[in-house]
Amino acid sequence: MPASLVRIIAFVLISGAAIASRLFAVINFESIIHEFDPWFNYRATKVLASKGFYEFWNWFDPTACGVIYNILHYLHLPVDIRNICVLLAPGFSPLTAWATYIFIGIVPGYISRSVAGSYDNEAIAIFLLMFTFFLWIKAMKQGSALYGTLAALFYFYMVAAWGGYAFITNMIPLHALVLTLMGRFTNRLYVAYSSWYAIGTLASMQVPFVGFQPVRTSEHMGALGVFGLLQIIAFVELVRSHVSSKQFRRLLFVSVIGPVFSARWIAPWTGRFYSLWTQATPRTHRMAVLLMDLHFLIFLFPAGVVLCFKELRDEHVFYFAGVMVRLMLTLTPIVCVSAAVALSSVFDTYIDPTEPEVTEDDKTDVAKKDKSASTPASGATVAELLTDMKAKPAQRGIVGLDTRGAVILNALGMLLFFVVHCTWVTSNAYSSPSVDGLHIIDDFREAYYWLRENTAKDAVVMSWWDYGYQIAGMADRPTLVDNNTWNNTHIATVGKAMSSPEEVAYPILRKHDVDYVLIIFGGVLGYSGDDINKFLWMVRIAQGVWPDEIQEPQYFTPQGDYRVDDQASPAMRNSLMYKMSYYRFAELFGGGQAQDRVRGQMISNPGPSLDYLEEAFTSENWIVRIYQVKKEDPLGRDLKSANAFNQGKKRKRTRPPVRRRGLVSI
Amino acid sequence: MVLPSWLRLPAILFATISWSLVSASTHSFENTAIVRTVDLGGSLVHVTTTYAIRALDNGVNRYIVSLGENEARSTSWFEAKLKGQNEPLSVTTRPLDPTSDGTHSYVVELPKPLSVNGTVNLVVETVLTHATYPWPKKAAQKDDQSLKYEGDLLVLSPYKTWTQRIKVRAPAPRIISYTTPDSLDEFTTDQVATKSGATVTYGPFSNIPPSASTAFIGKHQRHVVVHYYFGHPVVEIASLKRVAEISHWGANLNIQNDIVLRNAGPTLKGQFARIEHQSQTFYNRLAPHIIPSLTFHLPPGIHSAYYYDLNGNVSTSRLRVAPSVPKAAQSNQYSTLELRPRYPLMGGWNYTFALGWDSPLADSAGYDASTGFYVLGVPVQTVIPGAVVNEAEVKIIFPEGATDIGVFPPFDPTTEQRSTHITYLDTIGRPAVTLSFKNLTDKHDGLIYVTYKVPLSVHLRKPKAVSIAFGALFLVALLARRVDLSLSK
């Protein structure tokens, strides 16, 4: 069976390319989890592996890694759990490739989420996403309850693995709805959708994280609505086949008015879903980025869409339903599928009619491509498309070998460049660990490790939420807020503490039992992603909750500049963040001018002094600075005067001490 | 020296049986002179005591060295030699008998019995651990470091001693204070203590009666304290877990050390200020209690060395590998690893890390074709000069299916355990032996010799297991392709 052999070889090649392109980070740097978010998953997996499944189920998901870990250990392969986590994403990518059956395998948009080391559920989720769609289409084509159920099971797994499951929750109903609106409602659709929705929803409600959301929040309402609609339509179809058309119309009128008022207490569309549709990851903001991620696929995409519509069948509408999705992650597979459709039809048109054996060459040359060209009965949607196209070859004949050659060469060249581009993007853009920007600069890990080794086990660390997971993962200390903190007030509390003067911040810190405050300061090295540059966000978020106490304009100079030098506004200069950042900074320059390398401004020489906190650790390049919150003075003085006393300053008597009032008040 | 539990019963038996024998011989020697030198250090204090012995009986060859209770407790290395010779003498430890003399006895077997008036010079080397402590207990980042040594003054002996002298030598002449014991006039006419340079000399004390008795200790033993500056960090390894994995298929000996490092100097007063540390480093005036880096001497010929901690690889180390030397050849070459922790270790700070390397199996293993035994030497530890290892655990993992395992440590471990270790491609797991030690010093640097047999059939187990696994996979695939489960054609 040469076709099957070629297929296997091609698949192996795709898998190899898909995995290899994701290992740049591990080879260049090391097996470490970079990015901020995945640290949480890593910790969760550790709990799963060490404490068992059921205890863990009450908490959260990322099961895949834990299961793999247990299986490998059962097979006497004691792989470190960190390595599983790091390599899971690349490992899943060929599976995804197989599920979509084409060259999504190395598209940067997907790579950005599945580069080794960004241990994230999204890598698995994309695979699940594709597979659920595949099963759904299969179910719909055959009207099979079995495939509907399978789709529901994978949907369930996806719900458990990734918060973005709402994408499927809405995409499938949307597809069903569009089909219905286009008058393509069939019993097959009804069976497939009903089985998927009923089982999928019930299953997803078993996930503690989801709970009763499927019947409460509006992001799940679409699915419920379509489900209801389909029931009504099916019922109506049934009724229509039994009653006369006049009676039917009256019935319809009565039944439509009723349910309109029922949806009162449905929560507004939650932010997470918005973010899926609108802004999503910061990377997708600009067109240039879009181009970098998808390269020439972006041009092929419309062509593919057009081709889909040329011979409209149910599943083709499905691709169109995804067009509005801007999230790179979910956009990627769609673009890939469309582009593959376009490309393969180009090849079919130009190769097939005269010289069938060229197809063989093509297959070996461009392993990814031939995939779709040579898959007869596997049932993948694209493959079916293609067999369809193959079935009616060359209505418009191609004249001349040179024309054909030029087109094919062009296409091959484009494919080649595409591979080169993908490789380049992966090695450069997506694979450099943000934990340590350069080889030598390892300040983050240095400071986190110090926290881990030399502070009390239960010491609470306060930092801006970006570093929450990293502190939890690498320093193993509880944090006040982290990347998963949805409660705005918590984040605002941290923002307020950071932007208030010491004496205001101190009670906040003590109230929350904060032992250490961690900040990121890039002024020595010129690391621009530091907390002073994020400071305005802290101010703004704090202002959102306490508009009377924190006002953003106060942190600017009267001219409206954001400055940290001697022209800085008093609010800026008294803020805890400013003081912690520049504490003893000027001393680094001896007697000379102290320059902040990020902002290029001169810092006044007697720098800020701290009374309520003390410097506990500063990393080698000053990027991470950790301050310890002092305990209350044992003599009951406020820490400011206690500090002044310790430094031998005479206490200024401004007003007589407040005398205690008698407690008896008759 | 603490006796391991499995040694204790025979030791007690031995003690009771031989007590009469030995005590009968307590008057068979006298010490014409004893000189003790105490070399003060950080975690370790090296003590060298030279006994000039004269026999009072014929044919006596068992000499008893006595250590007081405190001294014995902190002694973790004991070695007796004849002066000028390298061969250590065999020593039997006898436990403390509190009712009798209040001392620990070490029975030294002299190589040949002495006749009356025969003399010999016995050199006893001991290493004390945890005999010093930082004083003041806290030091700020730029402060100096000073330690206090506390110990008993007089050298005890069950025999009469004509004269003895004790020298306490500090690493530098800066001795802050030392105790001048009083009411020892019975034994000395001179000044009891004199300081010259870095050395404090106690004595000479003359005409000391047999002193290994509670009565003498209670009356005459004096406690001395020497307070001195110490210019090096006090390095302490709280725990060392070494795993040596022997692989015949890879012809490789992998050694991994999980190390918990502690700066046992004065704890940091206040907080760590990076700016001060940077200026100290810049002017090359680092305070002595800070550990910025460590140097390890690793075996020659190693490769694929790694140094990481819980947060991943640490990029701040440098390794210079010496070429590997043949087994038989004696060589002073070693690979040097300069290892910098992620952060400088201030007083009281901890740092946990793993350090490992691979080395060719041929460098440390041999095969005896006549008996079929493999012989292999695994170093107990990688010595950091001046550091004490509080708890050490050496686990030696043998090849899968190894039989007739024999383990010969250079000194007695506290415990020895057998277990099974399972790793890649194992079916039944590998036998492993774990030896535990306490308070290792820089003298404890011997090799643990292990012997074992690996039959050929066992060598072939792995390829067999792999081929069976793959065969099974193919078979399943084969069947899955052939079997048709569909109901209708």
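Residues numbered from 1 in each chain as written. Chains lettered and ligands numbered in written order. Predicted model: local features only at pLDDT ≥ 70, side-chain atom pairs only at ≥ 80, totals over all residues.

Once that is clear, we can look at the overall build of chain A. For chain A, the helix and strand inventory stands at 31 helices and 6 strands. Within chain A, the fraction of its 666 residues that count as buried is 43%. Partitioning the contacts of chain A with sequence separation of at least 6, the portion at a separation of at least 24 is 72%. (Helix = DSSP H or I, 4+ residues; strand = E, 2+ residues; numbered from the N terminus. Buried ≥ 20, exposed ≤ 12 C-beta atoms within 10 Å, placed from the backbone. Contact = placed C-beta atoms within 7 Å.)

Helix and strand content of chain B: 6 helices and 31 strands. Split into buried and exposed, the 489 residues of chain B put 35% on the buried side.

With that settled, consider the sheet that holds strand S6 (residues 103-114) of chain B. All names here are of chain B. As summarised here, the arrangement of the 3 strands in space is S3-S6-S5, forming an open sheet in which the pairing is antiparallel. Looking at strand neighbours, the two that pair on one side only are strand S3 (60-68) and strand S5 (91-94), the edges of this open sheet. The mean inter-strand angle of the sheet, taken between neighbouring strand axes irrespective of direction, is 25°. Here S5 pairs with S6 via 4 bridges, running antiparallel. Note that in S6 the partner of Arg94 across the bridge is Ser105. (Pairing = 2+ DSSP bridges. Axes fitted to C-alpha atoms, helices over the stretch in contact; angles between N-to-C directions.)

Residue and element names in this part refer to chain B. Here Leu447 is to be found in strand S31 (residues 447-453). Overall, Leu447 belongs to the partly exposed group, with 14 C-beta atoms counted inside 10 Å. The sequence separation of Leu447 and Val378 amounts to 69 residues, and the corresponding C-alpha distance is 5.2 Å. Ignoring sequence-local partners within four residues, the contact set of Leu447 consists of Gly377, Val378, Pro379 and Pro410.

On to helix H24 (residues 443-454) of chain A. A rise of 1.5 Å per residue sets the reference length of H24 of chain A, with its 12 residues, at 16 Å; its end C-alpha atoms lie 16 Å apart and thus fit the reference within 8%. Among the 12 residues of H24 of chain A, 10 are classified as buried, and the element is accordingly described as predominantly covered. (Expected span 1.5 Å × (residues − 1).)

Bringing the sheet that holds strand S24 (residues 350-360) of chain B into the picture now. Either a parallel or an antiparallel arrangement is found when strands of a sheet pair, and the pairing is made through backbone hydrogen bonds. Overall, mixed pairing links the 8 strands, which are arranged S21-S20-S24-S17-S16-S27-S30-S29 (chain B) in an open sheet. Only two strands of the sheet have a single partner each, and these edge strands are strand S21 (312-313) and strand S29 (415-421) of chain B. Looking at chain direction, strand S20 (residues 303-309) of chain B and S24 of chain B are connected through 4 bridges and run antiparallel. Pairing of His303 of chain B across the sheet is with Asp358 of chain B, part of S24 of chain B. Sitting on the sheet, H24 of chain A is in contact with S20, S21 and S24 of chain B, with an inclination near 110° to S24 of chain B.

Let us now look at the pairing of strand S14 (residues 199-208) of chain B. Residues and elements named next belong to chain B. Relative to S14, strand S11 (residues 160-169) runs antiparallel, the two sharing 7 bridges. Each residue of the ladder has a partner; that of Arg169, found in S14, is Thr199. One ladder, built from 4 bridges, connects strand S13 (residues 193-196) with S14; its direction is antiparallel. Across the sheet, Lys195 pairs through a bridge with Val200, a residue of S14. Between S13 and S14, which follow one another and run antiparallel, lie 2 residues, and Gly197 among them has a positive phi close to 65°.

Take unusual backbone geometry next. Residue and element names in this part refer to chain B. In this chain, Trp135 is followed by Pro136 through a cis amide linkage whose omega measures 0°. Among the secondary structure elements, Pro136 is positioned in the loop between strand S8 (132-134) and strand S9 (138-139). Backbone geometry at Ser304 places phi at a positive 50°, although glycine is not the residue there.

What follows concerns the interface of chain B and chain A. Contact with chain B, which involves 22 residues of that partner, is made by 27 residues of chain A. Broken down by secondary-structure element, the contributors of at least two residues to the side of chain B that touches chain A are helix H4 (274-282), S21 and S24 of chain B. The leading source of residues in the side of chain B that touches chain A is S24 of chain B, at 3 residues.

What follows is about the confidence of the model for chain B. All names here are of chain B. When pLDDT is averaged across chain B, the result is 85; 91% of the residues are at 70 or more. Here helix H1 (residues 5-24) is the element of chain B with the lowest mean pLDDT, 46, and strand S27 (residues 388-397) is the one with the highest, 94. This stretch, residues 1-24, has a pLDDT under 50; its non-local contacts, to residues over four places away or in other chains, come to 22 contacts. The complex model carries a pTM of 0.70, and its ipTM stands at 0.85. (pLDDT = per-residue confidence, 0-100.)

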